[in-house]
Each structure stands twice: as C-alpha cells, then as structure tokens.
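Each chain, letter by letter, is given below.
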Protein chains: 2
Amino acid sequence: MLDSQTPAALIAAMAMRGRAASRLLARAPDADKARALVMAADAIRAAAGDIIAANAADVARGEANGLSGAMLDRLRLDQARIGAMADGIAAVAALADPVGQVIDMATRPNGLALSRVRVPIGVIGIIYESRPNVTADAAALCVRSGNAVILRGGSEAVESNRAIHAAMVAGIAAAGLPAHAVQLVSTTDRAAVGAMLAAEGAIDLIIPRGGKSLVARVQAEARVPVLAHLDGINHVFVHASADAAMARDVVVNAKMRRTGVCGAMETLLIDRAYPDPAALIIALKEAGCAVRGDVGEDAIGALVEPASEADWDTEYLDAICSVALVDGLDGALAHIARHASGHTDAIVAADAAVAERFLAEVDSAIVLWNASTQFADGGEFGLGAEIGIATGRLHARGPVALEGLTTYKWLGRGTGQVRP
Amino acid sequence: MLDSQTPAALIAAMAMRGRAASRLLARAPDADKARALVMAADAIRAAAGDIIAANAADVARGEANGLSGAMLDRLRLDQARIGAMADGIAAVAALADPVGQVIDMATRPNGLALSRVRVPIGVIGIIYESRPNVTADAAALCVRSGNAVILRGGSEAVESNRAIHAAMVAGIAAAGLPAHAVQLVSTTDRAAVGAMLAAEGAIDLIIPRGGKSLVARVQAEARVPVLAHLDGINHVFVHASADAAMARDVVVNAKMRRTGVCGAMETLLIDRAYPDPAALIIALKEAGCAVRGDVGEDAIGALVEPASEADWDTEYLDAICSVALVDGLDGALAHIARHASGHTDAIVAADAAVAERFLAEVDSAIVLWNASTQFADGGEFGLGAEIGIATGRLHARGPVALEGLTTYKWLGRGTGQVRP
C-alpha cells in the first residue's frame, strides 16, 4: 500500500482485483479449484517454519501488549496447529463443488428451456479476530465455491496472517488460479474495516467471524449484505413424557460438553409435569455447572440460585445455566418465542405428537428432538465444514458451508422465441 | 393511530401484531391460506363499489395536485381493473404452497435424521408507489407463503389502498386467518417509511416496488434486509452465426414489445462479423425506435445518431436503443461485464459453443439464448406470479415468487444422541 492511499481507495482497488479474479474463478473447473486447495495445503505445510516465526513475533507483541492468556492461546501456532490447518484446507478440497449444480429445470409451453444453476456469489469479505486459522479456513471455503475473498484479520495476528496468506496464494497461483482469488488487507488501520462495510456493489457479501462486539459493529455499519451469527441463547425443553436417562444425558451434554460454543444450551426448561426435575438440576451441578432458576420455593428451589429477568436473555458461554419450570409444551413455546435467539433449540420427549409440534412451531434455525444442541455444527450436519452459523432469516440459515456461498442464475435456451 | 403516536411507535406496534399473526400463518394449513385468498378475492369483487368511490377521491385529489396523465392512469381503477385484481388474488390462491417442502434430508452416521424444511420469512414490509393493485398482489403473495405483511403505499392512492385493504382483511378474517396478516400503514407521513427501514429484527425483509428514486432511498437507508430491483440495462448480442430473421425478430421484440418494462433491451451489440448489421438497425427504426450508436462512419453509421459514453449505462425505458459493434463473443462479454446491470442479457447465435460460453460467462440474473429479453417475468418463467425481479445476488435472484418469500429451518430427529 502506498502511504498516500486511503483505506477506501485500498479496498476499492482490492475489490476490483477481486472482481477480476472472481470472473476467472467462476468458470474454473471443479478439478482446478480442488487442486489449487491441495497445493495451498502443501504450501502451508512447507512454509510451517516461516509461519511459526511470524507467529512468534505476533505472540511476543501480544505478550508485551498484555493480551490475556486465552487470547494468546487462540493466537499461538505450532507444528500441530499448522498441520491441522493444512488438513482442513485439504478436506475442503475434497468437498463436492456446488457451482454448476442445476437446482431445477423446466421447458415452458413455448419451448423455452429454463434452468436455475448455482454460481458463486462473487467477492466475499471476511472480517475476523485473533485466530489466524480463519485465514486458511475461510479462504479455502470461498475458493472452493468459486468466490474471490478479501480477508481482514485482527491486528494482533497480522504477521501470522501474512505468512499464511503468502503460502496459500503461492499454492493457488502454482495451480494456475488467479493470485487475487485470496487477498489480505495488509493495513491494520481500523478504517479499512469501515471501507469494506461501505463497499456496496464492490464486495457482494461480508461475513464477520468473531465476538459480539465485532458482529454488532458489522451489522450496525454495513451497507454490504451481511451473513452474521449473533447469540446462541439455546433452550432444551424436557417434556413430561421424556425418558429420564435420556433427558439427563442430553441436558448435561448440551450445556457442559463445551460451554463456550454457540450451540451450548443456556436455558433449561422443565415441564411442571416432569416427574423428577431435581435429578436434572443435580446432574448439571455435579457436572460443574452453576444453576440459576425460577423453580419455586420448595425442595427444588433450594438447589438453585435465584435467576434475574436478565438471565433468560443471557448467552453465558460458561458453566452457568438458567432453569425454569414451564406449563407443558405451550409454556415452553411461549418462553422460547420470547427469549430464544433463533439459533438452536431442542426438546426431549417420548410423545411424538408433542415433539412434532415443537419442531413445527419453534422458529429457530435448528430445532432438535431428542438430541443435544451441541450438534449445531456444519461438520456434524454433514456439510464438511462451515463458515459460520447464520442466525438471520435470509439467504442461508443455520450452518453455512459451500452452498451458502453460492447464488444462482436463470438460464434460458430458446429457438427464437419472442413474447407476444 | 393516536395523534401522539410517533411513526416509529406505530411501526413497532404493527410489527409486533404482524409477528403474532406470522406465527399463526406459519402453521396455517395450505388449504386455509388458499381459502383465505379466495375469500379475499370475493371480498374485493363485492366491495368494487366502495373501492371505485375511494379511488375517485384519490383521482380527484391527484388531478387537483397536477399529477401527470401517466400517473393518473396508473392510479385509476374501474370494474375491469378491480376484476383483474380479484382474479390475480384467486390465481395466487391456486399456486402450490412452498411452506413445508423438504429441501433435502439425510440420516447422519449417529442416527440423527436431519432435514431442511421451507418456512415463511416472517414479517415482510412492502413499500410502493401509486399503483393500488400492488396492495392486492403483494398481500396475496405474502399470505400465500405464510408471511405477515405491512403495506406502505403511495400517498396519492391512500383512499384506494384503504378500501382494497379493508376488503382483503374482511375476506382473510372470514376464512379464520388472523386479520393482522395484512396491515396497511394508515399514515401518509413519510417518516413511516423511515421507521419501516429502521425496524431491524421487527420486520424481516423490505421489498420496494416502484421507481428508481424509491428503490435508491430504500437501499441507502435500510437497516432491514432489502430485496430490491434496480436497473434493467439489458443487452442482446447478435453473433456472426445468428440466423438473420431470428435476430431481427428477437431484437425488435426485446426492445419494442413494451419499452417501459424492466426486461426491455436497452443496448444492441452486433458482432463485427455479422453479415447485415444495417438490417437490424433498420428494423428497429421501422418499428419506431430511435437508435444511438457507435458503429463507425460508413453506411451503417449514417443510420444512427451518435451515442455518448452515458448511453451505455442508461436504462431508457422508452423507444430508444443504443447499438455498438463488438469484436465477437469476447467483445460482447467485455461490454456486458462493464455496462450490464445484472438483470437480463441475451445472445442470438446458431453456434451452440459460443452460446454456451455466453450463458456461462455473463453474470446476470437471467441469461438467454435465442429468446427475447422480454421473457424476464415470473409468469413467463412458470412461477405463477412475481413480487419483483431481484437484481441483488443474495437470497433470491431474478423473478421472485413464493419460494423467494420463504426461508428454511433445519429439523433434527434423534433418539437421545449426545455429542462426544
């Protein structure tokens, strides 16, 4: 970047190069895109020494700047993590190409043969925070689906991201695909993020990957469409008909398998008619979970700390759970309609009619019956990978992988048809 | 509306009622939604006298306010137009319900049975201008697909819209669906539009239907996702291999069948190797079209007025056409990549390999081979109706009908699966 270049001019120039690359990528054969990613994975492995050296500089600067231990852990790369990064790219290379898929086709009465065919979206901007592996993951998914990508990582990982980006581009270019398929914003000037968000028409889609404040800023400012992942305030409702052992296992797994993931349960709803609510609360507590509740003043109430109104709208992402007794399915549906974030909600029930009503009426991206909310994940859903879990309602919802990074166009093949 | 109610409070209250109605609509059976629209159509026919009286008041006010003849014509309703409006609602009632369709399903190795099922988007805002029939069209499409709708029509049609809305709601409520499925913003305060555009999370999608200035305002201000239709700067490329009679017929139809529709051709691109470019220009001129061109100084050049640089980016929506000679397919692709608006572009060619490259490489919502661009229409595409033609790249592209007014959710049916 020239010193005289403004962030807006930098992003405009990158978007223009990205558009040119996207036109080449859009018509690249499946095998070429797959080979480019295999070569990018190889280049990452070969550059492990450079990447570790660059990462050491980031870590040293982070330590000097007083980054938390958790942030330093997310930032730190070693041979094993770089190997996993390369394996992840190679795994994306092996996924089926969505581009060119025919969604539907029909011949009109006038003989015009119409089809809808999947095509890449175009130029995608990814804005993310400290984890440098996003550089590889996100770039791989975009390239696999024929999109050019503009990456803007966190300033604390800038050297690591540069080294990973350089290796990936070397691999992609060696495979004959355009080097500008994957571009990294090299300035740490935060104004570059604003320029990406404002680049309506130049960047087709922005995907933020990071914490709430990043996603909130992106959603508040963006003029470019955003595929965003907001809170996962997820519920498990244990119905009166639930099998006790299944209910206990699903509830404990949904909360405690990993408490920091967006698919974790945050609120447990227990049917007042469920025979043994105490067993569920005790199981959570024995697993190390703090339980805050609104379960009355009796023996069960003594098991929990009192919940405040704010608890029902809180994504703890920690070993904390809110619990409420509700009046059957209707009580659960009313609580969920009011407090769920539209991410993932589950019911445990033996009564199939009750469960099917729950599946039909809960308005969330993912609704599960007799399964843990921790399955909310593109890999677990068989998508091979995910760029995120979308909590909006348009374009793509729930785990987003290659198909979500495509759009379609209508093709019509005629024999001279004119419209009367 | 209470006089003390701000536009933001008005829209918030309407959106809340719309959300409640949308939850009922989302689980309404196909037959109920169809019956509600049949009854709405009947109610429109029965209220024809009231609607005509209300419309006469709008027309009189429009005349007093000096509306143009074209605007008064768009505004004016008579028995025939009201009959057509009712027939349109009944036709939407007869369309297949997209809600509940299973997009795909699979059972994971752990036994979790996953499916993606179409569901309504939720609460949709429609912002439109003088044509009161949009009140009926848009409401019918939204209700058919299980969405609640908030309508904001032009102030010049306010009495007509109220009468149409009252009749539709009477029919819908008589069929047992919620009256708030279709709400009309009753104030003509333009701040209500701003409140709709700002209603992030309360309104799920805004669809503007109207001229460029309306769409531009909506796109510039909206915090709610927008499904917008921008310019149709559409091209027909006549390749050297084109059949001369077919080329003439397609070109004249694409431009002149109706010059004011978004699918009309605005620029004709002629391959320098095409044997008789003059015949195409003469055919357009004989059909009453003014032709502006960049075709050299020879005999053909004498047929056209000179084009300025701005002509290549102009949507005339009139009996005017720009024409350029280009160097084969690559020249046409370069011109289209630079100037097309991503709406509809067509090639006339006998050479199938050339045509297939055009279909693959032109990045527009609709790409046609040997057919008139005037086919760009949901009805012509077999969708039964359309709420508009989307020129964006996300969610839905090209003609948008019922499917485009839905999203999906993931349903998982398990037997107690927990994630290891």
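The structure presented is a predicted model; accordingly, all values stated were derived computationally and were not measured.

Enquirer: Account for the domain arrangement of chain A, with residues named and values stated.
Expert: Per the domain assignment, the segments of chain A are domain 1 (7–227 + 399–411) and domain 2 (234–375). Between the C-alpha centres of domain 1 of chain A and domain 2 of chain A the distance comes to 36 Å.

Enquirer: Which residues make up the interface of chain A and chain B, and what are the values?
Expert: Taken together, the contact between chain A and chain B spans 71 residues of the former and 70 residues of the latter. The contact between chain A and chain B buries some 5,900 Å² in all, and 48% of this surface belongs to carbon and sulfur atoms. Run the count over chain A and chain B and you get eight salt bridges. Across the pair Glu403 of chain B and Arg116 of chain A runs a salt bridge whose closest N-O atoms are separated by 3.2 Å. Broken down by element, the residue count for the side of chain A that touches chain B peaks at 11 residues, all from strand S16 (residues 406–417) of chain A. Among the residues forming the side of chain A that touches chain B, the class breakdown is 32 nonpolar, 18 polar and 21 charged. Sheet topology note: the strand S13 (residues 366–371) of chain A/strand S16 (residues 406–417) of chain B ladder contains five bridges and is parallel. Following the sheet pairing, Trp369 of chain A is matched in S16 of chain B by Arg413 of chain B.

Enquirer: Kindly report on the pattern of salt bridges, identifying the contributing residues and their values.
Expert: According to the stated counting rule, one finds 54 salt bridges over all chains in the structure shown. For Asp30 of chain A, the salt bridge goes to Arg144 of chain A, with nearest N and O atoms at 2.6 Å. One end of the pair, Asp30 of chain A, is in helix H2 (residues 30–46); the other, Arg144 of chain A, is in helix H6 (residues 133–144), and 114 residues separate them in sequence. In this structure, Arg393 of chain A and Asp363 of chain A form a salt bridge, with 3.0 Å as the shortest nitrogen-oxygen distance. With Arg393 of chain A in the loop between strand S14 (388–390) and strand S15 (398–400) and Asp363 of chain A in the loop between helix H13 (352–361) and S13, this pair connects stretches of sequence that are 30 residues apart. What emerges from the salt-bridge pattern is a single network uniting Arg27 of chain A together with Asp330, Arg357 and Glu361 of chain B.

Enquirer: Requested: an account of the environment of Ala57 of chain B, with residues and values cited.
Expert: Residues and elements named next belong to chain B. Along the chain, Ala57 falls in helix H3 (residues 48–64). Judged by its relative accessible area of 37%, Ala57 falls in the partly exposed class. Linking Ala57 and Ser160, residues 103 residues apart in sequence, is a C-alpha distance of 8.3 Å.

Enquirer: Could you give me a rundown of the UniProt feature "domain: Aldehyde dehydrogenase" (unreviewed entry) in chain A, with the residues and numbers involved?
Expert: Per the UniProt entry, the sites bearing "domain: Aldehyde dehydrogenase" (unreviewed entry) are residues 19–276 of chain A in this numbering. The distance from the first to the last C-alpha atom of residues 19–276 of chain A is 60 Å, and the span holds 48% helix and 17% strand.

Enquirer: Describe the sheet that holds strand S4 (residues 148–152) of chain B, naming the residues involved and giving the relevant values.
Expert: Residues and elements named next belong to chain B. As summarised here, the arrangement of the four strands in space is S5-S4-S3-S6, forming an open sheet in which the pairing is parallel. Sheet topology places strand S5 (182–184) and strand S6 (205–209) at the edges, where each strand pairs with a single neighbour. Sheet twist, expressed as the mean angle between neighbouring strand axes with direction ignored, is 20 degrees. Bridge analysis of S4 against S5 gives three bridges, and the strand direction is parallel. Bridge assignment links Val149 to a residue of S5, and that residue is Val182. Seen against the sheet, helix H6 (residues 133–144) touches strand S3 (123–128), S4, S5 and S6 and runs at an angle of roughly 165 degrees to S3. Taken strand by strand, helix H9 (residues 212–221) contacts S3 and S6, and its axis lies near 160 degrees from that of S6.

Enquirer: Got a sec to walk through the side chain of Asp58 of chain B? Specific residues and values, please.
Expert: All names here are of chain B. One can find Asp58 in helix H3. Using a relative accessible area of 0% as the deciding quantity, one classes Asp58 as buried. Setting aside chain neighbours within four positions, we find Asp58 in contact with Leu75, Glu156, Ala157, Val158, Glu159 and Ser160.

The rules behind each value
- Residues numbered from 1 in each chain as written.
- Chains lettered and ligands numbered in written order.
- Predicted model: local features only at pLDDT ≥ 70, side-chain atom pairs only at ≥ 80, totals over all residues.
- Heavy atoms only, no water.
- Domains from an automatic or database assignment.
- Contact = heavy atoms within 4.5 Å.
- Buried area = accessible area lost by both parts, 1.4 Å probe.
- Salt bridge = Lys/Arg side-chain N within 4 Å of Asp/Glu carboxyl O.
- Helix = DSSP H or I, 4+ residues; strand = E, 2+ residues; numbered from the N terminus.
- Nonpolar A, V, L, I, M, F, W, Y, C, P; charged D, E, K, R; others polar.
- Pairing = 2+ DSSP bridges.
- Buried < 20%, exposed > 50% of the residue type's maximum accessible area, 1.4 Å probe, protein only.
- UniProt positions renumbered as here; feature names shortened; annotations may be inferred.
- Axes fitted to C-alpha atoms, helices over the stretch in contact; angles between N-to-C directions.

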